Structures are given as structure tokens and as C-alpha cells.
Amino acid sequence: MSELTDEGSRLPEFSPANGGSRLPEFDPEAVGVRSPGPERRSVRIAAPLKARGARAEVIRLLAGVAGERCVNDALLVVSELISNADRHGGGLREFAAGVEDGHLWLEVADHSEVLPESAAHDPLVPGGFGWSLVRRLSADARIRPWTAGDGPGKTIVVSLRLE
């Protein structure tokens, strides 16, 4: 897994042959289908998907398991990740979310190898604060290279504590 950097560097080339990672394998019939019942709270949706749809899925996943502050933080993180995939990542490739072991995990895959950057400029200038915000609200934030073989990209994986 590539380390997080804030310099806007590109991800190195990865492949399964040289130790690269892949997204977990999922049943193709499950793509875009909501998982049944509370015993398995997860969803995986292939693009196209807008931030509004992703937020609705997160609200559904967190119903009854998270407080208002956690839900609000999660919705903000989802909005940032989806809009940044559209704005800076060549478009959303896939969105996944799930509740497991007291955490909400989110995965947002896009079409760009360029890593997100944290703001290092004048705080009075608009924009550039999304990645810093995501990292601050998340218990963990990582980036995996996209190695599915259908072009470049990355997957941002974050985890938020359910409180």
C-alpha cells in the first residue's frame, strides 16, 4: 500500500505479480445491490453515483447504530470523497460502505493516480481543505492503487468510529 503524502504525487505502478493490492473480490451480482438485514450492513455500488445517493446509503447503514454527530461527520466525509472523485479523480469508479466492529468504513475509487493534497496555502483562499477534513474526521484514512486492469486509479479507504 502506498503511504499517504500531501505533495500530489502519483501512485507507483502496482500489479499482483509485484505485491500490489487489489480491491476485495465481490460477487458481480451484488454490485449495486443493497445487502440484506442488519446482520450484514454493507453496500457496493458501481458508478454512476452522485454524493446524494451515497449519503442516502450511509444514512441507511447508520440507522440505529450511530449518534447524530457520527452521522453528520460521515455524511461530510462521503460528500468530500465523492465530489473530489468527480472533481479531481476523473470521475467516480465505485463506492462501498459498511458497518463493522464499531466502525463505518468507506471506499471511494476513482480514475486518477494523483494523491489528494492537504491545504498548505492561505486559509482565506477558498478550497483545498477537503482531504485535511476527511483525515481529521476519520479514525483511519488510506489509499490503495486500483489494479483491476481497466485503467489507472486509486481507492480511498476511510474508517470512522461509531459513537
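Residues numbered from 1 in each chain as written. Predicted model: local features only at pLDDT ≥ 70, side-chain atom pairs only at ≥ 80, totals over all residues. Heavy atoms only, no water.

(A) Structural context of the overall build of the protein. When its secondary structure is counted, the protein shows three helices and five strands. At a minimum sequence separation of 6, the contacts of the protein that also span at least 24 residues come to 61%. For the protein, the computed accessible surface area is about 9,000 Å², with 52% contributed by carbon and sulfur atoms. (Helix = DSSP H or I, 4+ residues; strand = E, 2+ residues; numbered from the N terminus. Contact = heavy atoms within 4.5 Å. Areas by Shrake-Rupley, 256 points an atom, 1.4 Å probe, with all protein chains shown as cover.)

(B) The sheet that holds strand β2 (residues 92-100), seen in detail. Taken together, the five strands give an open sheet; going across it, the order is β1-β2-β3-β5-β4, and neighbouring strands pair in antiparallel fashion. Strands at the two margins of the open sheet, each flanked by one partner only, are β1 (42-46) and β4 (140-145). With strand direction ignored, the average angle separating the axes of adjacent strands in the sheet is 10°. Judged from the eight bridges that link them, β2 and strand β3 (residues 103-110) form a sheet pairing that is antiparallel. Opposite Val99, over in β3, you have Leu104 as the bridge partner. Against the sheet, helix α1 (residues 51-62) makes contact with β1, β2 and β3, and its axis sits at roughly 10° relative to β2, the strand it touches most. (Pairing = 2+ DSSP bridges. Axes fitted to C-alpha atoms, helices over the stretch in contact; angles between N-to-C directions.)

(C) Representation of the pattern of salt bridges in the model. A complete count under the given rule lists seven salt bridges for this structure. A salt bridge links Arg93 to Asp150; its shortest N-O distance comes to 3.1 Å. On the criterion of sequence distance, the pair formed by Arg93 in strand β2 and Asp150 in the loop between β4 and β5 (154-161) is long-range, its members being 57 residues apart. Since its relative accessible area comes to 9%, Arg93 is described here as buried. A single network of salt bridges, built from pairs that share partners, joins Arg44, Glu94, Glu107 and Arg144. (Salt bridge = Lys/Arg side-chain N within 4 Å of Asp/Glu carboxyl O. Buried < 20%, exposed > 50% of the residue type's maximum accessible area, 1.4 Å probe, protein only.)

The analysis is restricted to geometry; functional conclusions fall outside its scope.
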